[in-house]
Amino acid sequence: MNEKEESSKAFWKGLVTGLVVSLLIVVLAFTSVRILKTFRIIGGITKDSTQETVANSGTVEKLSVLEDTIHEYFWQEVTEEKLEEGVYKGVLEALDDPYSVYYTNEELLELQQQTEGIYYGIGAYISQNKEVGYVQISKVMKNTPAEESGLLQGDYIYMVDGEDMQDKDSTYVVSKIKGDEGTKVMITVLREGVAEPMDIEVERRKIESPTVEYEMLENGMAYIQIVEFDLVTTTQFETAYKQAKKDGMKGLILDLRSNPGGNLSTVCDIARMMLPKGLIVYTEDKYGKRVEYTCDGNQEIDVPLVVLTNGYSASASEILAGAIKDYGIGTLVGTTTYGKGIVQKVINLSDGSAIKLTVSTYFTPNGNNIHKIGIEPDVEEEFDAEQYASGVDNQLEKAKEVLAGQMETIE
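None of these values were measured; they are calculated from a predicted model.

Criteria and thresholds
- Residues numbered from 1 in each chain as written.
- Predicted model: local features only at pLDDT ≥ 70, side-chain atom pairs only at ≥ 80, totals over all residues.
- Heavy atoms only, no water.
- Pairing = 2+ DSSP bridges.
- Helix = DSSP H or I, 4+ residues; strand = E, 2+ residues; numbered from the N terminus.
- Contact = heavy atoms within 4.5 Å.
- Axes fitted to C-alpha atoms, helices over the stretch in contact; angles between N-to-C directions.
- Parallel < 35°, antiparallel > 145°, perpendicular 65-115°, else oblique.
- Left-handed = near helix turned anticlockwise from the far one by under 90°.
- Nonpolar A, V, L, I, M, F, W, Y, C, P; charged D, E, K, R; others polar.
- Expected span 1.5 Å × (residues − 1).
- Buried < 20%, exposed > 50% of the residue type's maximum accessible area, 1.4 Å probe, protein only.
- Phe/Tyr/Trp six-rings, centres within 6.5 Å; stacked < 30°, edge-to-face > 60°.

Looking at the sheet that holds strand β11 (residues 221-226)
As a general point, the strands of a sheet are linked pairwise by backbone hydrogen bonds and lie either parallel or antiparallel. Taken together, six strands build an open sheet; the order of strands is β10-β11-β12-β15-β16-β19 and the sheet is mixed. Across the chains shown, the open sheet's two edge strands, defined by having one partner strand only, are β10 (212-216) and β19 (379-380). Alignment of strand β16 (residues 331-334) against β19, held across two bridges, turns out to be parallel. Counted as the bridge partner of Gly-334 is Glu-380 from β19. Where helix α8 (residues 233-246) meets the sheet, it contacts β10, β11 and β12 (251-255), and its direction lies at approximately 5 degrees from that of β10.

See below:
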């Protein structure tokens, strides 16, 4: 064989090999295009071309193999949409952060309804319990299906309609509990002192969250409870606060017990109705960028203040309690707060889905990082369940005692 023939043979061999490789890449790409499409639809985010990515040829190939294996051997039929959703959720779960979550379009709509304060559900607040692995009912709203069905504060949600809720994000659990008005949901709970799981059927109804409760107590003591910081909470608190002043408020008990948090903007608006001039809270991201939220001090509270907290007081409620403690304008009574000192941001994707990511850490005005630490009360008072069952809230009674002493000092 001469040099020209050898060159010609090498050319055709290389061409055929190249076509085969190209065809394989195209097949793999089309096989997994549905699964990988969302990696490219985050609006406004420019990717650094030098940054390593999980959406590479190796993962494309492995996803294709996994998908084919599932379709071949899995005992039930599964849709491409379900597999896609699993990939996206898995990417967020890999962060090992219970607050970073992927939302489908339906779940995103439910989240928006929740933050607005109006939804169709059962009327119970839940909190993440990292140690047990199940979310726990932190408060049952009055005159709601949850109260009528017998659900209690402290119950762990074990299953919803037969689906195990172990290690599920609280948002996911809520999405399973909510539904169309008039439909029913079976909630299986684990209750302290009860050996076996309890099945409790609850009917869903329209719940307009009364996030603020107000009552004028004896001797000019006003009592305001904030159960969650939703969009409706600012107006509800302002109405209650103004009414307390009209009713002759001489001292205020602010109850943040079992408040799981909510909107940062809402808690800052409420803080501006009470705090002196200065920082409310500040955040820092991984790049060291600092964002400050401040108060002009024009509405600083001028009566003694006691704040009730417990182990379920988290996030936004800790921002408010932490600022009040740092400025020394109030006394914290109860038990140490939950210790959630991080901030999440919801990032919308172009296909209607979204991801919620933890994006920064927040600090109290004095620079305290309370994450996984919590805020200790000035006056420790453990909750007495037996007294509460008999109609006596021992923590509230202690708050009254502390507030009465402060009011006497001023007089």
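Overview of the packing of helix α9 (residues 264-271) against helix α10 (residues 316-327)
Interaxial distance between α9 and α10 falls to 9 Å at its minimum, and their mutual angle equals 25 degrees. By the angle between their axes, α9 is roughly parallel relative to α10. Both α9 and α10 take part in a crossing whose hand is right-handed. Where α9 approaches α10, its residues Leu-264, Val-267, Ile-270 and Ala-271 are matched on the opposing element by Ala-316, Ile-319 and Leu-320.

Some details on the packing of α8 against α9
The interhelical angle for the contact between α8 and α9, taken along N-to-C directions, is 20 degrees, at an axis separation of 9 Å. Considering the angle they form, α8 stands roughly parallel to α9. α9 is crossed by α8, and the crossing has right-handed handedness. Here Thr-233, Thr-234 and Phe-237 of α8 lie close against α9, whose contacting residues are Thr-266, Asp-269 and Ile-270. Across the contact of α8 with α9, the residue classes break down as two nonpolar, three polar and one charged.

Here we look at helix α4 (residues 80-93)
Helix length check: α4 (14 residues) gives 20 Å between terminal C-alpha atoms against 20 Å at 1.5 Å per residue, within 8%. Among the residues of α4, those classed as buried are Leu-83, Glu-84, Val-87, Tyr-88, Lys-89 and Leu-92.

Side note on the packing of aromatic side chains
Enumeration over the complete set of coordinates arrives at five aromatic pairs. When the centroid spacing of 5.6 Å and the interplanar angle of 70 degrees are considered together, the rings of Tyr-134 and Tyr-158 count as edge-to-face. Linking Tyr-134 in the loop between β3 (124-127) and β4 (136-140) with Tyr-158 in strand β5 (residues 156-160), this pair joins segments that are 24 residues apart in sequence. By relative accessible area, Tyr-134 is classed as buried at 8%. With a centroid separation of 5.3 Å and 25 degrees between ring planes, the pair formed by Phe-237 and Tyr-241 is classed as stacked.

Re unusual backbone geometry
In the Ramachandran plot, Asp-167 falls in the positive-phi region, its phi being about 60 degrees despite a non-glycine side chain. Of note, Asn-219 is a non-glycine position whose phi angle comes to about 60 degrees, a positive value. On the secondary structure map, Asn-219 appears in the loop between β10 and β11.

Some words on α8
Here α8 contains 14 residues, and its C-alpha end-to-end distance of 20 Å stays within 8% of the 20 Å for a straight helix at 1.5 Å per residue. Where α8 is buried, its residues meet β10, β11, β12 and α9. Of the residues one or two after α8, Gly-248 is the one with positive phi, at around 85 degrees.

Fair warning: the whole summary comes from geometry, so function is off the table for now.
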